[in-house]
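Chain and residue survey
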Amino acid sequence: MGRTTIDFGIDLGTTNSSIAVMNDGQVQVVRNSDGAEVTPSVVRVAADGAITVGRRARQTLEVDPDNTRAEFKRVMGTREEWLFPKSGRKFGADALSAEVLKSLRADVRDQLGEEVRAAVITVPALFEIPQCEATARAAKLAGLDDAPLLQEPIASAIACGYRGPTDVRGTWVVYDFGGGTFDTSVLLTRDGRMQVVDHDGDNF
């Protein structure tokens, strides 16, 4: 029987990405083909059009930088594209992000024998509508039928065990020291709900 809830969560990161699944109340981070819990958010396109994602792609960053791209999340939501000269193909940040998502889906298929059709994807609080729309496009390109977006600071607070009673008010400050970015957010809890009320950061 297929899943009736969205049990997969994806951190589509600037430097590294990861996918986890909830089974019977327990979270399992799915390892990739290298046995690692994180996959470098790096994409290489070879002359024949073959696409490599992750550690092997990152190893070519210095020796073949024109045909390898990293840190493309920084320009999500823009029209910037990169030409991969060996293949003559062009990709935007959403298409490159889709390749990372495809790789994560393949890891689940290989490790758990499941086909991921829906997953929550976390996005920085700093992301505005264009960046969120680009992330949603990446999810569709990667074959995800449903991919609700969740702001990273809220995901962090939930992961750290926020289970506040409905009559409690509180304020949280969440710092996200990413591999390529920095974000800080102020969260407010009220009536059992949590929301981002202010945020700032540096994509570089």
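Residues numbered from 1 in each chain as written. Predicted model: local features only at pLDDT ≥ 70, side-chain atom pairs only at ≥ 80, totals over all residues. Heavy atoms only, no water.

Before going further, it helps to spend a moment on the packing of aromatic side chains. For the coordinates displayed, the defined rule picks out four aromatic pairs. Aromatic pair Tyr 175 and Phe 177: ring centres 6.4 Å apart, planes at 20°, arrangement stacked. Considering the side-chain rings of Phe 177 and Phe 182, the 5.2 Å spacing of their centres and the 45° angle between planes classify their relative orientation as tilted. Assessed through its relative accessible area of 68%, Phe 177 is described here as exposed. Taken together, Tyr 175, Phe 177 and Phe 182 form an aromatic cluster joined through their ring pairs. Its guanidinium or amino end placed over the ring of Phe 84, Arg 69 lies 5.5 Å from that ring's centre, counting from NZ or CZ. (Phe/Tyr/Trp six-rings, centres within 6.5 Å; stacked < 30°, edge-to-face > 60°. Buried < 20%, exposed > 50% of the residue type's maximum accessible area, 1.4 Å probe, protein only. Lys NZ or Arg CZ within 6 Å of the ring centre and 35° of its normal.)

Here we come to unusual backbone geometry. A positive phi angle, near 50°, is found at Asp 24, a position not held by glycine. Tracing the sequence through the fold places Asp 24 in the loop between strand E2 (16-23) and strand E3 (26-29). (Helix = DSSP H or I, 4+ residues; strand = E, 2+ residues; numbered from the N terminus.)

The full count for this structure, using the stated rule, is twelve salt bridges. The residue Glu 99 makes a salt bridge to Lys 102 at a minimum N-O spacing of 3.2 Å. Here the residue Glu 99 and the residue Lys 102 both occupy positions in helix H2 (residues 93-112), the gap between them amounting to three residues, near one helical turn. (Salt bridge = Lys/Arg side-chain N within 4 Å of Asp/Glu carboxyl O.)

On to the sheet that holds strand E7 (residues 68-70). Strand order in the open sheet formed by three strands is E6-E5-E7, with antiparallel pairing between adjacent strands. Edge strands, defined here as strands with exactly one partner in the open sheet, are strand E6 (51-53) and E7. Across the sheet, the mean angle separating the axes of adjacent strands is 20° when strand polarity is ignored. Relative to E6, strand E5 (residues 42-45) runs antiparallel, the two sharing three bridges. Residue pairing in the sheet places Arg 44 in a bridge with Thr 52 of E6. (Pairing = 2+ DSSP bridges. Axes fitted to C-alpha atoms, helices over the stretch in contact; angles between N-to-C directions.)

Of the voids in this model, the largest pocket is the one considered here, and its volume is about 1100 Å³. Considering the residues around the largest pocket, the lining is formed by 42 residues, among which Ile 10, Asp 11, Thr 122, Ala 155 and Ala 159 are closest to the centre. Within the residue set of the lining of the largest pocket, elements represented by two or more residues are strand E1 (8-12), E2, E3, strand E10 (120-123), helix H4 (152-159) and strand E12 (170-177). Its residues assigned to classes, the lining of the largest pocket shows 20 nonpolar, 14 polar and eight charged. Looking at the lining of the second largest pocket, the elements that each hand over two or more residues are E6, helix H1 (55-58) and H2. Counting residues per element, the lining of the second largest pocket draws most heavily on H2, at five residues. For the lining of the second largest pocket, the per-class residue count stands at three nonpolar, six polar and six charged. (1 Å grid on protein atoms, 1.4 Å probe; cavity = no way out; pocket = protein on both sides within 12 Å on 5 of 7 lines; lining within 4 Å. Points joined across faces, edges and corners; volume = space filled by probe spheres on them. Nonpolar A, V, L, I, M, F, W, Y, C, P; charged D, E, K, R; others polar.)

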